Amino acid sequence: MGNHSLHLLIIFMSFQCFLAYHTMAKPSMTSNPAAIKFIKSSCKSTLYPVLCVQCLSAFANTVKQSEKQLAHAALSVSLSRAKSTTIFVSKLNRIRGLKPREKQAVKDCLDTMSDSVDQINKSIPELGHTGQFSAGQDFMWHVSNVQTWVSAALTDENTCLDGFSGPGMNGNVKAALRVRILHVAQVTSNALALVNRFADRHRPRTISNSP
Ligand SMILES: *[C@@H]1O[C@H](CO)[C@@H](O)[C@H](O)[C@H]1NC(C)=O
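Parameters at a glance
Residues numbered from 1 in each chain as written. Predicted model: local features only at pLDDT ≥ 70, side-chain atom pairs only at ≥ 80, totals over all residues. Heavy atoms only, no water. Disulfide = S-S within 2.5 Å. Buried < 20%, exposed > 50% of the residue type's maximum accessible area, 1.4 Å probe, protein only. Helix = DSSP H or I, 4+ residues; strand = E, 2+ residues; numbered from the N terminus. Near = heavy atom within 4 Å. Polar contact = N/O pair within 3.5 Å; in protein donor to acceptor, adjacent residues only side chain to side chain. Areas by Shrake-Rupley, 256 points an atom, 1.4 Å probe, with all protein chains shown as cover. Axes fitted to C-alpha atoms, helices over the stretch in contact; angles between N-to-C directions. Parallel < 35°, antiparallel > 145°, perpendicular 65-115°, else oblique. Left-handed = near helix turned anticlockwise from the far one by under 90°. Contact = heavy atoms within 4.5 Å. Nonpolar A, V, L, I, M, F, W, Y, C, P; charged D, E, K, R; others polar. Salt bridge = Lys/Arg side-chain N within 4 Å of Asp/Glu carboxyl O. Core = buried A, V, L, I, M, F, W, Y, C linked by side-chain atoms within 4.5 Å.

- The name an unreviewed UniProt entry assigns to the protein chain is Pectinesterase inhibitor domain-containing protein, from the organism Capsicum annuum.

The structure is reproduced here in structure tokens:
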């Protein structure tokens, strides 16, 4: 239920893919039109396509037209946002004057965000293991680990705000946190969609032995 209302909020709020990524996006746009076209069309399969293009256009030169490289870039954006949000929450954790319930909510959020960082962090090398020499079962094993861990990270992020849902919670803390959490959850949701897209398109065909 909490997830549902959070989800609605996510849909109705829009964010820029801030700072460096945004400004870096411009040179690649002109230098690699085929890759930009590929990124735009792949981003259509995500829930937040505008944000997806903003965040990932900067990686056009490494992504080229590779679904795997695009998923990799999306995971690295998600990791960097999850890390910076975790740092932000750890600063909130040190604010004085929070009520015990607020302090507990911040602490719980810090735990779930740290877990989210771990899940995304281990997904990146795991995606790397779906290399050209991994086939069949091996490919499926690694790719399904990535899918599981990134979904767990997304759940962690969505859970983070739950502790703040009761009445009487500090409005400023909650608002400051919400903006960041929604952003990281959107970016992670997009990464999961792009991992799923990569998995679908590279899933080894089942070889039938029957004539
Ligand atoms: C990510 O994982 C590597 C080892 O796999 C570790 O050295 C590094 O500290 C981790 N980074 C974060 C942010 O957890």
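### Here we look at the state of the cysteines
Working step 1: Considering all chains together, one arrives at 2 disulfides under this definition.
Working step 2: Across a sulfur-sulfur distance of 2.0 Å, Cys43 and Cys52 are joined as a disulfide pair. In this structure, the disulfide formed by Cys43 and Cys52 twists by about -70° around the S-S bond and is classed as left-handed.
Working step 3: Cys43 gets classed as buried once you look at its relative accessible area, which sits at 0%.
Working step 4: The disulfide partner of Cys109 is Cys160, and the gap between their sulfur atoms is 1.7 Å. You can see Cys109 sitting in helix α7 (residues 100-128) and its partner Cys160 sitting in helix α8 (residues 136-160), a full 51 residues away along the chain.

### A word on the site of the ligand
Working step 1: Surrounding the ligand, one finds Lys83, Val117 and Asn121.
Working step 2: Asn121 places a side-chain nitrogen or oxygen 2.2 Å from an oxygen atom of the ligand.
Working step 3: Alone, the ligand offers 360 Å² of accessible surface; in the complex the protein occludes 33% of this.

### A few points about the packing of α8 against helix α9 (residues 171-202)
Working step 1: With their axes 9 Å apart at the nearest point, α8 and α9 run at an angle of 165° to one another. Looking at the two axes, α8 sits roughly antiparallel to α9. By crossing handedness, the relation of α8 to α9 is classed as left-handed. Counted together, Phe139, Val143, Val146, Gln147, Val150, Ser151, Ala153, Leu154, Glu157, Asn158 and Cys160 of α8 and Ile181, Val184, Ala185, Thr188, Ser189, Leu192, Val195, Asn196, Phe198, Ala199 and His202 of α9 form the full contact between these two elements.
Working step 2: Residue composition of the contact of α8 with α9, by class: 14 nonpolar, 7 polar and 1 charged.

### Here we look at the environment of Ala152
Working step 1: Along the polypeptide, Ala152 turns up in helix α8.
Working step 2: Using a relative accessible area of 27% as the deciding quantity, one classes Ala152 as partly exposed.
Working step 3: On a C-alpha basis, the gap between Ala152 and Asp115 in space is 8.7 Å, while along the polypeptide they are 37 residues apart.

### Things to note about helix α4 (residues 49-56)
Working step 1: The element α4 is largely enclosed, with a buried count of 6 among its 8 residues.
Working step 2: For α4, the full list of buried residues reads Leu51, Cys52, Val53, Gln54, Cys55 and Leu56.

### Some words on the pattern of salt bridges
Working step 1: In total, this model carries 3 salt bridges according to the counting rule given.
Working step 2: In this structure, the salt-bridge partner of Glu102 is Lys99, at a minimum N-O distance of 3.8 Å.
Working step 3: Given the relative accessible area of 5%, Glu102 is considered buried.
Working step 4: Ionic pairing is found between Asp111 and Lys107, a salt bridge with its closest N-O pair at 3.8 Å. Note that Asp111 and Lys107 are positioned in helix α7 at a spacing of 4 residues, about one turn of the helix.
Working step 5: Judged by its relative accessible area of 44%, Asp111 is partly exposed.

### Description of the side chain of Thr112
Working step 1: Here Thr112 shows up in helix α7.
Working step 2: Sequence-distant contacts of Thr112, defined by excluding residues within four places in its chain, comprise Asp156, Thr159 and Cys160.

### Comments concerning the nonpolar core
Working step 1: Ile39, Leu56, Leu75, Cys109, Met113, Phe164 and Leu177 are the most contacted members of the largest nonpolar core, which totals 59 residues.
Working step 2: Looking at this core, the elements that each hand over two or more residues are α3 (33-43), α4, α5 (60-63), α6 (67-92), α7, α8 and α9.
Working step 3: Counting residues per element, this core draws most heavily on α9, which supplies 12 residues.
Working step 4: Other than its neighbours up to four places away in sequence, Leu75 contacts Ile120, Ser123, Ile124, Leu127, Val146, Val150, Ala191 and Val195.

### Examining unusual backbone geometry
Working step 1: A positive phi angle, close to 50°, is found at Lys64, a residue other than glycine.
Working step 2: Take Lys64: it is sitting in the loop between α5 and α6.

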